[in-house]
Amino acid sequence: MRASRATIHLGNARHNLRVIREYLDRVSRSAGGRSPAMCVSVKANAYGHGAEELAKLAAEEGVDQLAVATVDEAVRLRDAGVSAPMVLYSLSLPEEADEVCAAGLAPFVADQEYCDRLAEAARRHHTTVAVHLKVDTGMGRIGCSPADAPVLARRIHDDPNLRLAGIATHFPVADDADRDFTEHQCRLFTEVVRRIRGSGVTDGLVHAANSGAVLAYPEAWFDLVRPGIMVYGYYPSHDQARDLDLRPVMELESRIVQLKTIEPGTSISYGRTYVAHRQTVIGTVPVGYADGYNRLLSNCGSVLVWEDGDRRARRVPIAGRVCMDQIMLDLGPAAPTRKHDRVVLFGPDPRGPSAEEIADLIGTIPYEVTCAVAGRVPRVYVDS
Ligand SMILES: *Cc1c(COP(=O)(O)O)cnc(C)c1O
């Protein structure tokens, strides 16, 4: 197998799921309420970790539902034998209605026209389609207006080929320190649900909470929560308390394939942006931006190098520009590094960079860092 790989620590994902479950149970119990069910986001290949394996793990851990973003993602999971209820978080095109039906998906819906197309497809397939009515209370992405929600809910409820499986909304700033907007959304959404229930429509799980709201808004847990990033071991932002022991699941690794000592004044990589000011040892690693290691990490990222037969770990900086398929490291003048020593680009080890550290360096979020790990990087699953 090639040098670069993404090791997926399934044990950490299992740990995170249990930590989340215990936390939901504990807080719900102390409030005297029922603990919500869980819908785990495995969209975008489980944030880059591998949807099939993470879906199977979630099922083993008793997770009630899974969520995907595209019909293709769902079909791939169904083909792999994943039978859990599956929510489709994005709006598909009306012409995908047959596939939605055939894959047994429960899509978010936001208007009558799409509901009608789904109902027609369901009739042709002699079945019913479960749908989740999405209400836009402030995300501004998909969803009907709060004013339209009761009528749509009633129409879905009355359609023999549709089943109202959920009533949902989404939060844009639940991971923010400022609580005003999310609290306003909670009130608005609760009022919408009250009006739907008031009209005699009593079906559908009520749900709203992404990771940010799982962490900070128990009042938004309702019947079902929808964590994503926290399952993969990261907090959605820096602005929330870190009370849960979440462990990063993905470890992007490679190996050193060439070592050389260079003299002062020697430049490294494209653009000659790195010039050695002393004699030093340079190591070349076959991972680059085409693997998902962002080019903005040029001359600014660092990695964890495992030396002395994997016994000692040391942080070293990237020297020069990140290339498409390779990077260079400045290992220092008296480096004990050997050819083929292991390099960790990010992962759960606190001595090395995390996906969050990388995200901070390049102005993004850990979600994008794990999602960016390319398809050509093999995922290696370990369970410990
Ligand atoms: C992706 C997504 C989530 C999960 O969000 P995290 O921030 O990863 O917890 C929940 N709900 C919807 C609608 C989503 O699209």
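All values reported here derive from a predicted model rather than from experimental measurement.

Examining the sheet that holds strand β7 (residues 162-168)
- One closed barrel accounts for 8 strands, arranged β2-β3-β4-β5-β6-β7-β8-β9; its pairing is parallel.
- Where helix α1 (residues 10-30) meets the sheet, it contacts β2 (37-41) and β9 (224-225), and its direction lies at approximately 150° from that of β2.

Focus on unusual backbone geometry
- A positive phi angle, near 50°, is found at H126, a position not held by glycine.
- Its location among the elements puts H126 in the loop between α6 (112-124) and β6 (129-134).
- We classify H126 as exposed; its relative accessible area is 74%.
- The backbone of R272 shows a phi angle near 50°, a positive value even though the residue is not glycine.
- Within the secondary structure layout, R272 lies in the loop between β12 (267-268) and β13 (274-275).

Some words on the site of the ligand
- K43, Y47, S211, I229 and Y367 are the nearest of the 14 residues found near the ligand.
- Contact between the ligand and Y47: an oxygen atom at 2.6 Å from a side-chain N or O atom of the residue.
- Within the contact set of the ligand, a nitrogen atom lies 2.9 Å away from a side-chain nitrogen or oxygen of R226.
- Protein coverage of the free-state accessible area of the ligand, which is 390 Å², stands at 93%.

Observations regarding the sheet that holds strand β14 (residues 280-285)
- In spatial order, the strands read β11-β14-β17; together these 3 strands make up an open sheet with antiparallel pairing. The sheet is open, and its two edges are formed by β11 (258-262) and β17 (327-332), each paired on a single side. Direction aside, the axes of adjacent strands within the sheet are offset by 30° on average.
- Pairing analysis gives 5 bridges linking β11 to β14, with the strands arranged antiparallel. Counted as the bridge partner of Q258 is T284 from β14.

Overview of the packing of helix α7 (residues 149-158) against helix α8 (residues 180-198)
- At a closest axis distance of 9 Å, the pairing of α7 and α8 adopts a crossing angle of 45°. Taken together, the axis directions place α7 and α8 in an arrangement best described as oblique. Between α7 and α8 lies a crossing whose hand is right-handed. Together, A149, P150 and A153 of α7 and V192, R195 and I196 of α8 make up the contact between the two elements.
- Taken together, the residues that form the contact of α7 with α8 break down as 5 nonpolar, no polar and 1 charged.

A few points about the packing of α1 against helix α3 (residues 51-60)
- Remark: α1 packs on α3, axes separated minimally by 10 Å, with the N-to-C direction vectors making an angle of 45°. Considered as vectors, α1 and α3 are oriented oblique to each other. For the crossing formed where α1 meets α3, the hand is right-handed. When α1 is examined against α3, the residues L10, A13, R14 and L17 are found in contact with a partner set consisting of L54, L57, A58 and E60.
- Broken down by class, the residue content of the contact of α1 with α3 amounts to 6 nonpolar, no polar and 2 charged.

Describing the environment of A153
- Topologically, A153 is positioned in helix α7.
- Remark: the alpha-carbon pair of A153 and T284, spanning 131 residues in sequence, is separated by 59 Å.

Comments concerning the pattern of salt bridges
- The tally for this structure, following the rule as stated, stands at 24 salt bridges.
- E219 is the partner of R179 in a salt bridge, and the nearest nitrogen-oxygen pair spans 3.9 Å. On the criterion of sequence distance, the pair formed by R179 in the loop between β7 and α8 and E219 in the loop between α9 (211-216) and β9 is long-range, its members being 40 residues apart.
- Residue classification places R179 among the partly exposed positions, given a relative accessible area of 31%.

Some words on the environment of E95
- Relative to the helices and strands, E95 is located in the loop between β4 (86-88) and α5 (97-102).
- Judged by relative accessible area, E95 falls into the exposed class, the value being 55%.
- Sequence spacing of E95 and L118 is 23 residues, and the spatial spacing of their C-alpha atoms is 9.4 Å.

Regarding α3
- Three or more residues of α3 are buried, namely A51, L54, A55, L57 and A58. Here the buried residues of α3 occupy an arc of 160° about the axis, which is enough to place them on one side. Facing away from the buried side of α3 by over 90 degrees, the exposed positions are A59 and E60.
- Elements in contact with the buried residues of α3: β1 (5-9), α1, α2 (43-47), β3 (65-68) and α4 (71-79).

Some words on α1
- For α1, with 21 residues, the first-to-last C-alpha span of 30 Å sits near the 30 Å given by 1.5 Å per residue.
- Directly after α1, the chain includes G32, whose backbone phi takes a positive value near 75°.

Quick word on the domain arrangement of the protein
- Assigned domains within the protein: domain 1 (36-232) and domain 2 (250-382).
- For domain 1 versus domain 2, the distance between C-alpha centres works out to 39 Å.
- At the boundary of domain 1 with domain 2, total buried surface from both sides reaches about 710 Å², with 63% on carbon and sulfur atoms.
- Taken together, the links from domain 1 to domain 2 amount to 0 salt bridges.
- Residues that form the side of domain 1 that touches domain 2 fall into these classes: 3 nonpolar, 3 polar and 1 charged.

Reading the values: the criteria
Residues numbered from 1 in each chain as written. Predicted model: local features only at pLDDT ≥ 70, side-chain atom pairs only at ≥ 80, totals over all residues. Heavy atoms only, no water. Pairing = 2+ DSSP bridges. Helix = DSSP H or I, 4+ residues; strand = E, 2+ residues; numbered from the N terminus. Contact = heavy atoms within 4.5 Å. Axes fitted to C-alpha atoms, helices over the stretch in contact; angles between N-to-C directions. Buried < 20%, exposed > 50% of the residue type's maximum accessible area, 1.4 Å probe, protein only. Near = heavy atom within 4 Å. Polar contact = N/O pair within 3.5 Å; in protein donor to acceptor, adjacent residues only side chain to side chain. Areas by Shrake-Rupley, 256 points an atom, 1.4 Å probe, with all protein chains shown as cover. Parallel < 35°, antiparallel > 145°, perpendicular 65-115°, else oblique. Left-handed = near helix turned anticlockwise from the far one by under 90°. Nonpolar A, V, L, I, M, F, W, Y, C, P; charged D, E, K, R; others polar. Salt bridge = Lys/Arg side-chain N within 4 Å of Asp/Glu carboxyl O. Arc of directions from axis to C-beta. Expected span 1.5 Å × (residues − 1). Domains from an automatic or database assignment. Buried area = accessible area lost by both parts, 1.4 Å probe.

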